[in-house]
Amino acid sequence: MLTHAPLPSWAAIGRALLSRSPPSTLPTAPWSREGDTGGWLARTAWSMAIVALWRQHHSGKQTISVWIPAYFCNESLNALRRSGVRLVFYPVTDDLTPDLRACKELAISGSPDVFLCVHYFGRPIPASAVRDFCANHKAWFIEDAAHV
């Protein structure tokens, strides 16, 4: 199986085994640029809540709209629901890709601030059209991998 995640080098594995506390930047380095702060969270629930709070802070809006696929685990939304965002469940097609035609219709009544796109069961979906949709609506585009 091929992975999109960077694999650790033998030196990194050795340091992890011999060191009591690896540098805090080591795990997120492949995804970080200079000056970025990265972190790991155990669940999508917490990361989505943090992203929503960041988006709300950066937008200056009282309430933001977070779009979630209609096929999504309700338990993962508990922290997001408590943050007071407006959740919009967008339809997915039979192959679990966002139904962009329906999304364009939904956007008439309010654009997304954050758009969660999910790659289900280890199968990546073509996300360029979703990225373009998000760019047109100035939405933050978040990708998640569920049940991988």
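Please refer to the structure higher up on the page.
Keep in mind that this is a model prediction, so the values were computed, not measured. (Residues numbered from 1 in each chain as written. Predicted model: local features only at pLDDT ≥ 70, side-chain atom pairs only at ≥ 80, totals over all residues. Heavy atoms only, no water.)

Draft legend 1. Main features of the overall build of the protein chain. Counting secondary structure elements, the protein chain contains five helices and four strands. Taken from N to C terminus, the helices and strands of the protein chain fall in the order α-α-β-α-β-α-β-α-β. For the protein chain, the residues scored as buried account for 32% of the 148 residues in total. Long-range pairs, those at least 24 residues apart, make up 58% of the contacts in the protein chain between residues at least 6 apart in sequence. Accessible surface, the protein chain as shown: approximately 10,300 Å² in total, 56% of it carbon and sulfur. (Helix = DSSP H or I, 4+ residues; strand = E, 2+ residues; numbered from the N terminus. Buried < 20%, exposed > 50% of the residue type's maximum accessible area, 1.4 Å probe, protein only. Contact = heavy atoms within 4.5 Å. Areas by Shrake-Rupley, 256 points an atom, 1.4 Å probe, with all protein chains shown as cover.)

Draft legend 2. Fine view of the sheet that holds strand β1 (residues 65-69). Sheet architecture is open: four strands sit in the order β2-β1-β3-β4, paired in parallel fashion. Two strands bound the open sheet, and with one partner strand each, they are β2 (86-90) and β4 (140-146). Taking each pair of neighbouring strands and ignoring which way they run, the sheet shows an average axis angle of 25 degrees. On the sheet, helix α2 (residues 44-59) packs against β1, β3 (114-120) and β4 and is oriented at approximately 180 degrees with respect to β4. (Pairing = 2+ DSSP bridges. Axes fitted to C-alpha atoms, helices over the stretch in contact; angles between N-to-C directions.)

Draft legend 3. Highlighting the packing of aromatic side chains. All chains considered together, the criterion is met by six aromatic pairs. Between Trp67 and Phe115 the ring centres are 6.0 Å apart and the planes differ by 40 degrees, which places this aromatic pair in the tilted class. Taken together, the residues Trp67 in strand β1 and Phe115 in strand β3 connect sequence positions 48 residues apart. Seen in terms of ring centroids, Tyr90 and Phe115 are 4.5 Å apart; in terms of plane orientation they differ by 15 degrees. Their pairing is stacked. Note that Tyr90 is positioned in strand β2 and Phe115 in strand β3, a separation of 25 residues in sequence. Using a relative accessible area of 1% as the deciding quantity, one classes Tyr90 as buried. Among the aromatic side chains, those forming a connected cluster through ring pairs are Trp67, Tyr90, Phe115 and Phe133. (Phe/Tyr/Trp six-rings, centres within 6.5 Å; stacked < 30°, edge-to-face > 60°.)

Draft legend 4. Seen up close, unusual backbone geometry. The phi angle at Leu96 is positive, at roughly 65 degrees, despite the residue not being glycine. The phi dihedral of Phe121 falls on the positive side, at around 55 degrees, and the residue is not glycine. With respect to the helices, strands and loops of the structure, Phe121 is situated in the loop between β3 and α5 (128-136). Classification of Phe121 by relative accessible area gives partly exposed; the value is 48%.

Draft legend 5. Representation of the pairing of β3. Among the seven residues in β3, seven count as buried, and that is most of the element. Side chains Val114, Leu116, Val118 and Tyr120 of β3 all project onto a buried face; the interleaved residues Phe115, Cys117 and His119 project onto the opposite face, where all are buried too. Pairing of β1 with β3, which is carried by two bridges, proceeds in the parallel orientation. Along β3, the bridge assignment pairs Trp67 with Phe115.

Draft legend 6. Geometry of the pattern of salt bridges. Counting across every chain of the model gives three salt bridges. Residue Arg55 is joined to Asp113 by a salt bridge in which the shortest nitrogen-to-oxygen separation is 3.9 Å. Here the residue Arg55 occupies a position in helix α2, and Asp113 occupies one in the loop between α4 (100-107) and β3, the gap between them amounting to 58 residues. Under the relative-accessibility criterion, Arg55 is labelled buried at 11%. (Salt bridge = Lys/Arg side-chain N within 4 Å of Asp/Glu carboxyl O.)

Distances and angles like these do not, on their own, reveal function.
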